[in-house]
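# Breakdown of the fold
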Amino acid sequence: MRKDSKLKRMSFTYDGKRYDVYGNTKSELIRKKTEKIESLKRNEVLICSSMLVRDWANQAVETYKTNLSPNALKNYKYMMNAHVLSELGDMKLKDVKPLHCQKCLNLCEDMAQKTINDIYQIMRFIFSTAVDNALINVSPAAKITKPKGKAYKHRRSLTAYAEGIFLEAIKEHQHGLLFALMWGCGCRPSEAMNVDGRDIVYKEGKPFLHIRGTKTVNSDRYVPIPQLVMDMLPDRLEPFMPLVKTSADHRLNAQSTKRAWASLERIMNIKMGCKVYRNELIPPFPLAPDLVPYCLRHTFCTNLAKYGVDVRVAQALMGHADIKMTSNIYTHVDDRMLVDQFDIITNNSTSSRTLMAAI
């Protein structure tokens, strides 16, 4: 019974969750229990301040986030469930205080700043839409502060030496084609995983990769395929079969790609001279620890700059929505490029010598 009334209570479990109904008589309790179960079967959720944060968050995402691509929506829900609803999901909307939101966000203090900001925005979205729908008066996430987090590390391209080792290693790797697509065609990791046989197309007799990107409207694009990548393609292309697949003919996912990258790092370390004892690599590891699959895409863009490809063409090939993103890579001149241009700068015209004198 409730402490503040003489109502009787009946508890029951449905789909792994516990529910309570209240009434004056046993028959009323049975009727309310039956109605509640029928409501749950119809997936009906009572929209009120007493609803769980989890229920409201899912309804809000389904209603307001219709502009997201399927992949973006999947990522959004993952972040929301893993970092917000795992802590606040089973609380009632009306019971959530700023303290709860701040504690939840503080748990992310060891994460990257971008990840913290994404979680912060998700939390604000959940409670601001609840305010908009008059479920609560004030958002408990309105004035929370973001923890400092880890600074974003600028992704870099492979050095000339590491790139040479990489090109050797992918020829020995079971899924070398996956990483070749990132290096030679500028695919994002998720894009490379989703390339099918039908995506190899020819324009005026020249091979192009149709990248069916979903991140932005610019993501869907056609990129020339270099000969090294062409040489790694299977002899027979099945239109709706992934180019890179497991032994069971399944498409690679994030976890299997992570394992594939780890094994590629192992091959590269050995090629760089790392010693092996009882099948284990012995430190120090020659391969730089900050290299990740995304660095291959960065290398693709850097190579475009080295080849003299116009930045606007590079933007299209990269699938960037903002040309500033491409320009930031183009203007990042490394020491190797400076050395390559030394003779041109010092041995050219009088104006060049004047420029060097000024420097």
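Residues numbered from 1 in each chain as written. Predicted model: local features only at pLDDT ≥ 70, side-chain atom pairs only at ≥ 80, totals over all residues. Heavy atoms only, no water.

### Quick look at the overall build of the protein
For the protein, the helix and strand inventory stands at 16 helices and seven strands. Taking all 359 residues of the protein together, the buried fraction comes to 38%. Within the structure as shown, the protein displays about 22,000 Å² of accessible surface, and the carbon and sulfur contribution to it stands at 53%. (Helix = DSSP H or I, 4+ residues; strand = E, 2+ residues; numbered from the N terminus. Buried < 20%, exposed > 50% of the residue type's maximum accessible area, 1.4 Å probe, protein only. Areas by Shrake-Rupley, 256 points an atom, 1.4 Å probe, with all protein chains shown as cover.)

### Here's the deal with the confidence of the model for the protein
Within the protein, residue pLDDT values average 86, and 87% of them lie at 70 or more. At the low end of the mean pLDDT range in the protein sits helix 16 (residues 350–358), at 38; at the high end sits helix 7 (residues 176–185), at 97. Here residues 349–359 is a poorly scored stretch, pLDDT under 50, and it has five contacts once near neighbours within four places are set aside; other chains count. (pLDDT = per-residue confidence, 0-100. Contact = heavy atoms within 4.5 Å.)

### Structural notes on helix 10 (residues 254–271)
Its 18 residues place the ends of helix 10 26 Å apart at the C-alpha level, agreeing with the 26 Å of an ideal helix rising 1.5 Å per residue. Put simply, asparagine 253 is the residue that caps the front of helix 10, since its side-chain oxygen is 3.1 Å from the backbone nitrogen of glutamine 255. Within two residues after helix 10, glycine 273 carries a phi angle of roughly 110°, on the positive side. (Expected span 1.5 Å × (residues − 1). Polar contact = N/O pair within 3.5 Å; in protein donor to acceptor, adjacent residues only side chain to side chain.)

### Notes on the sheet that holds strand 4 (residues 206–212)
The sheet built from three strands is open, its strands ordered 3-4-5 with antiparallel pairing. The open sheet is flanked by strand 3 (200–203) and strand 5 (220–224), the only strands paired with a single partner. Across the sheet, the axes of successive neighbouring strands diverge by a mean angle of 40°, strand direction being ignored. The pairing of strand 3 with strand 4 spans four bridges and is classified as antiparallel. Within the sheet, the bridge partner assigned to isoleucine 200 lies in strand 4 and is leucine 209. (Pairing = 2+ DSSP bridges. Axes fitted to C-alpha atoms, helices over the stretch in contact; angles between N-to-C directions.)

### A closer look at the packing of aromatic side chains
Under the criterion given, the structure shown has four aromatic pairs. Ring centres of tyrosine 76 and phenylalanine 125 lie 6.3 Å apart, and the angle between their planes is 85°; on these two criteria the pair is classed as edge-to-face. With tyrosine 76 in helix 3 (residues 70–88) and phenylalanine 125 in helix 5 (residues 113–132), this pair connects stretches of sequence that are 49 residues apart. Just as tyrosine 76 is buried, phenylalanine 125 falls in that class too. The lysine or arginine in question, lysine 65, covers the ring of phenylalanine 125, its NZ or CZ lying 4.6 Å from the ring centre. Geometry around tyrosine 222 places lysine 203 over its ring, the cationic atom sitting 4.3 Å from the centre. (Phe/Tyr/Trp six-rings, centres within 6.5 Å; stacked < 30°, edge-to-face > 60°. Lys NZ or Arg CZ within 6 Å of the ring centre and 35° of its normal.)

### So, the pairing of strand 1 (residues 8–14)
Here seven bridges tie strand 1 to strand 2 (residues 17–23), and the two strands are oriented antiparallel to one another. Within strand 2, the position partnered with arginine 9 by the bridge is tyrosine 22. In this antiparallel pair of consecutive strands, strand 1 and strand 2, the connection spans two residues, and aspartate 15 shows a positive phi of 55°.

### Considering the side chain of glutamate 28
Along the chain, glutamate 28 falls in helix 1 (residues 26–41). Engagement of the side chain of glutamate 28 in a polar contact is seen with the backbone nitrogen of asparagine 24, the distance being 2.8 Å.

### Let's talk about the nonpolar core
With 48 residues, the main nonpolar core has Phe166, Leu178, Phe179, Leu181, Leu209, Leu264 and Leu296 as its most contacted residues. With eight residues, the single largest contributor to this core is helix 7. Among all residues touching phenylalanine 166, those that are not within four sequence positions of it are Leu158, Phe179, Ala180, Trp183, Leu264, Met268 and Leu296. By size, the runner-up hydrophobic cluster in this structure holds 31 residues, among which are Val53, Trp56, Phe125 and Leu135. (Core = buried A, V, L, I, M, F, W, Y, C linked by side-chain atoms within 4.5 Å.)

### Some remarks on the environment of tyrosine 76
Exposure remark for tyrosine 76: the relative accessible area of 16% places this residue in the buried category. In this structure, the C-alpha to C-alpha distance between tyrosine 76 and valine 61, residues 15 residues apart in sequence, is 8.9 Å.

### What about the pattern of salt bridges?
Counted by the stated rule, this structure contains 17 salt bridges. Ionic pairing is found between lysine 114 and aspartate 118, a salt bridge with its closest N-O pair at 3.1 Å. On the criterion of helical spacing, the pair formed by lysine 114 and aspartate 118 is a turn pair, its members being four residues apart in helix 5. Judged by its relative accessible area of 29%, aspartate 118 falls in the partly exposed class. Residues participating in the shared-partner salt-bridge network are Asp196, Arg198, Asp199, Arg212 and Arg251. (Salt bridge = Lys/Arg side-chain N within 4 Å of Asp/Glu carboxyl O.)

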